[in-house]
Amino acid sequence: MRDYDPDWPVRFQQECRRLRFVVGPALKIEHMGSTSVSGLSAKPIMDILVGLPHLLRAKSTFVRPFAQLGYTYIPEYEAWLPGELFFRKRMPGPWTHHLHIMEQCNPRWRDFLLFRDYLRLHPEICRVRKPKEIALG
């Protein structure tokens, strides 16, 4: 875990521009996960959510172009996360990005963004509390 890095939103925007070359301007790209919440400590792995209208076509359309951007498709995740395609950047590691591809009607899409937005609206929840020192008398 690392302290929040104010450069994370900038790096997201840079990566978003790269992804736009593959997915085009019409698809929704969101920064999610702990690096998307100002002030929150996080593993320095950026989670990116890409919403599209038809997941079935995504595998045949995006796996190769994402590979050209440094992303590796992880097919094992399809069994664990039905309705989602998952990619990692910088395989075998250390990973720098996780890319989650799903239809925007997928309940996980909504849940990811609701959780992110809740944390953004309630920064007091993100503060790490240190255990109180116990004075021995």
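Residues numbered from 1 in each chain as written. Predicted model: local features only at pLDDT ≥ 70, side-chain atom pairs only at ≥ 80, totals over all residues. Heavy atoms only, no water.

Draft legend 1. Local environment of the pattern of salt bridges. Here the structure, examined in full by the defined rule, presents 10 salt bridges. Its salt-bridge partner being Lys89, residue Glu15 comes within 2.9 Å of it at the nearest N-O pair. With Glu15 in helix 1 (residues 8–23) and Lys89 in strand 4 (residues 84–89), this pair connects stretches of sequence that are 74 residues apart. Of the residues examined, Glu15 reaches a relative accessible area of 1% and is grouped as buried. With a relative accessible area of 5%, Lys89 lands in the buried category. Linking Lys28 and Glu30 is a salt bridge whose minimum nitrogen-to-oxygen distance equals 3.3 Å. Among the residues examined, Lys28 registers a relative accessible area of 38% and is labelled partly exposed. When salt bridges that share partners are traced, they join Lys28, Glu30, Arg116 and Asp117 into one network. (Salt bridge = Lys/Arg side-chain N within 4 Å of Asp/Glu carboxyl O. Helix = DSSP H or I, 4+ residues; strand = E, 2+ residues; numbered from the N terminus. Buried < 20%, exposed > 50% of the residue type's maximum accessible area, 1.4 Å probe, protein only.)

Draft legend 2. Broad picture of the sheet that holds strand 2 (residues 46–52). In spatial order, the strands read 1-2-5-4-3; together these 5 strands make up an open sheet with mixed pairing. Across the chains shown, the open sheet's two edge strands, defined by having one partner strand only, are strand 1 (28–32) and strand 3 (71–73). Between one strand axis and the next, the sheet turns by 25 degrees as a mean value, whatever way the strands run. Sheet analysis places strand 1 next to strand 2, joined by 5 bridges and oriented antiparallel. Bridge pairing links Ile29 to Val50 in strand 2. Against the sheet, helix 1 contacts strand 1, strand 2, strand 3, strand 4 and strand 5 (97–103), and its axis sits at roughly 155 degrees relative to strand 1. (Pairing = 2+ DSSP bridges. Axes fitted to C-alpha atoms, helices over the stretch in contact; angles between N-to-C directions. Contact = heavy atoms within 4.5 Å.)

Draft legend 3. Layout of helix 4 (residues 107–121). Look at helix 4: 21 Å from first C-alpha to last across 15 residues, which is about the 21 Å you get at 1.5 Å a residue. In this structure, the buried residues of helix 4 make contact with strand 1, strand 2, strand 5 and helix 5 (123–126). Its side-chain oxygen 2.8 Å from the backbone nitrogen of Arg108, Asn106 forms the N-cap of helix 4. (Expected span 1.5 Å × (residues − 1). Polar contact = N/O pair within 3.5 Å; in protein donor to acceptor, adjacent residues only side chain to side chain.)

Draft legend 4. Region of the structure containing the confidence of the model for the chain. When pLDDT is averaged along the chain, the result is 88, and 93% of the positions lie at 70 or above. Averaged pLDDT values over the elements of the chain bottom out at 83 in helix 5 and peak at 96 in strand 1. (pLDDT = per-residue confidence, 0-100.)

Draft legend 5. Inspection of the packing of helix 1 against helix 2 (residues 55–68) at higher detail. Packing of helix 1 against helix 2 leaves a shortest axis separation of 9 Å and a crossing angle of 140 degrees. Classified by the interaxial angle, the pair formed by helix 1 and helix 2 is oblique. Handedness of the helix 1/helix 2 crossing: right-handed. Across from Leu19, Val22 and Val23 in helix 1, the residues of helix 2 making contact are Phe62, Pro65 and Phe66. In terms of residue class, the contact of helix 1 with helix 2 is made up of 6 nonpolar, no polar and no charged. (Parallel < 35°, antiparallel > 145°, perpendicular 65-115°, else oblique. Left-handed = near helix turned anticlockwise from the far one by under 90°. Nonpolar A, V, L, I, M, F, W, Y, C, P; charged D, E, K, R; others polar.)

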